[in-house]
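# Fold and geometry: a report
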Amino acid sequence: MKRRKFLKNSSTATAAIVATPFLTSCQDTPKASEVTVIPETKVNFPIVICTWNFLNASAKAWEILNAGGTSLDAIEQGVKIEEDDTTNQTVGTGGRPDRDGNVTLDACIMDKEGNCGAVLAMENIANPISVARKVMEDTPHVMLAGKGAEQFAYEKGFEKVNLLTEQSRLEWLEWKKTSEYKPIINIENHDTIGMLAIDQNGDIAGGCTTSGMGYKMAGRVGDSPIIGAGLFVDNEVGGATATGVGEEVVRTVGSFLIVELMRQGKSPQEACEEGVKRIMAKNEGRNDFQIGFIAINKKGETGGYCVQPGFSYRTYSKEGHVNNASESYLTP
Ligand code: SD4
């Protein structure tokens, strides 16, 4: 039996029973007295984790998982909470605009089969994660950008909305007085939501949604909607997602790297640490940007690591919900 199948439906401590080599060569089904019990393997799912301290988003995802819903539904419904929160100025409605005053949204989603969908630099649509899911499910493509993504959303019944709130407009007008593009650590690049979930079947899905870096150049796209950079899920291994300065995450294909490190045997925590170290190796001496990675493996073990102090990630499972302060590569 494949390990993946063995873990299926198992959300509590599990003892794996393995036939000895002698017995397997002699008969198909060993008797209970003739098997070796290997140590308990603790699994922890269903579970959802997300970047930053998003209690409402993770609670929504947990509600779906706990009721037996799929990880894919949990991701979509969970991150939508932040897309609709106008006080979150890094995601969805209320997001900070680009330097021309236009709010452009990026999102991607990935399911247990490795299917994925993304929208890039899309304007006037409130829930890019749902459009990304439609791209995944209803088109032969993976990514739609700009006007094409917006047009596709209208065709799918999404409404045109004004994403620029008064608060974000006034801050942009203030920014324009100096027009200095220098994202403030843990402020202007704060609050993108990347989310990973495992459902009761043990299947993993992930999503990531953002308005990108505040006051970016028109047309700029970061890591968040790029499969492998801002998000990656491999249902055999685990998933990873990122927040922070997307250019640096793209340069190392960060989330894919972390999943591959887990495939090679690293824990989610070790893999996130290695991911950040790879980025810092390309940026020796720099201390002016933030990146945070989170990861989960097939057993529901989690990890997170970042460049600068100040990043946290939330976990929500039967064991409760916690905002985990992430350790950082740099010290304060
Ligand atoms: C980006 N990674 O567009 C995003 C920004 C972000 O919290 O994470 N903001 O580069």
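Placed above this text is the structure.
The paragraphs below set out a description of the structure included in this document. Quantities reported herein were computed from a predicted structural model and do not represent experimental measurements.

The next thing to look at is the pairing of strand β7 (residues 193–198). Counting buried residues along β7, 6 of its 6 residues qualify, which places the element largely inside the surrounding structure. Alternating positions in β7 separate into two faces, Ile193, Met195 and Ala197 on one and Gly194, Leu196 and Ile198 on the other, with burial throughout. Sheet topology note: the strand β3 (residues 47–51)/β7 ladder contains 4 bridges and is antiparallel. Considered in β7, the bridge of Ile49 is made with Leu196. Across 6 bridges, the pairing between β7 and strand β8 (residues 204–210) is antiparallel. Counterpart to Ile193 in the pairing with β8 is Thr209.

As summarised here, the arrangement of the 8 strands in space is β6-β5-β4-β8-β7-β3-β13-β14, forming an open sheet in which the pairing is mixed. A single partner strand is all that each edge strand has here, and the edge strands are β6 (143–145) and β14 (320–325). Each strand axis lies, on average, 10° off the axis of its neighbour in the sheet, ignoring direction. Across 5 bridges, the pairing between strand β4 (residues 105–110) and β8 is antiparallel.

Any two side chains of opposite charge can pair, so long as their charged atoms come close to each other. Enumeration over the complete set of coordinates arrives at 18 salt bridges. A salt bridge links Lys60 to Glu63; its shortest N-O distance comes to 3.5 Å. Residue Lys60 and its partner Glu63 are located together in helix α3 (residues 55–66), separated by 3 residues, close to a single helical turn. For the salt bridge of Lys112 with Asp203, the shortest nitrogen-to-oxygen distance reads 3.7 Å. Of the two residues, Lys112 sits in the loop between β4 and β5 (116–122) while Asp203 sits in the loop between β7 and β8, which places them 91 residues apart along the sequence. On the basis of relative accessibility, which here comes to 11%, the residue Asp203 falls in the buried class.

This part is about the packing of α3 against helix α4 (residues 71–83). A packed helix pair is summarised by two numbers, namely the angle formed by the two axes and the spacing between the axes. At their nearest, the axes of α3 and α4 sit 7 Å apart, and the two run at 155° to each other. If you check the angle between α3 and α4, you find them roughly antiparallel. The way α3 lies across α4 gives a crossing that is right-handed. Facing α3, whose interface residues are Asn56, Ala57, Lys60, Ala61, Ile64 and Leu65, α4 presents Ser71, Asp73, Ala74, Gln77, Gly78, Ile81 and Glu82. Residues belonging to the contact of α3 with α4 are distributed by class as follows: 6 nonpolar, 4 polar and 3 charged.

Attention shifts here to the environment of Arg169. Position of Arg169 relative to the elements: it lies in helix α7 (residues 166–176). Taking relative accessible area as the criterion, Arg169 reaches 32% and is therefore assigned partly exposed. With 72 residues separating them along the chain, Arg169 and Pro97 place their C-alpha atoms 7.7 Å apart.

What counts and how
- Residues numbered from 1 in each chain as written.
- Predicted model: local features only at pLDDT ≥ 70, side-chain atom pairs only at ≥ 80, totals over all residues.
- Heavy atoms only, no water.
- Buried < 20%, exposed > 50% of the residue type's maximum accessible area, 1.4 Å probe, protein only.
- Helix = DSSP H or I, 4+ residues; strand = E, 2+ residues; numbered from the N terminus.
- Pairing = 2+ DSSP bridges.
- Axes fitted to C-alpha atoms, helices over the stretch in contact; angles between N-to-C directions.
- Salt bridge = Lys/Arg side-chain N within 4 Å of Asp/Glu carboxyl O.
- Parallel < 35°, antiparallel > 145°, perpendicular 65-115°, else oblique.
- Left-handed = near helix turned anticlockwise from the far one by under 90°.
- Contact = heavy atoms within 4.5 Å.
- Nonpolar A, V, L, I, M, F, W, Y, C, P; charged D, E, K, R; others polar.

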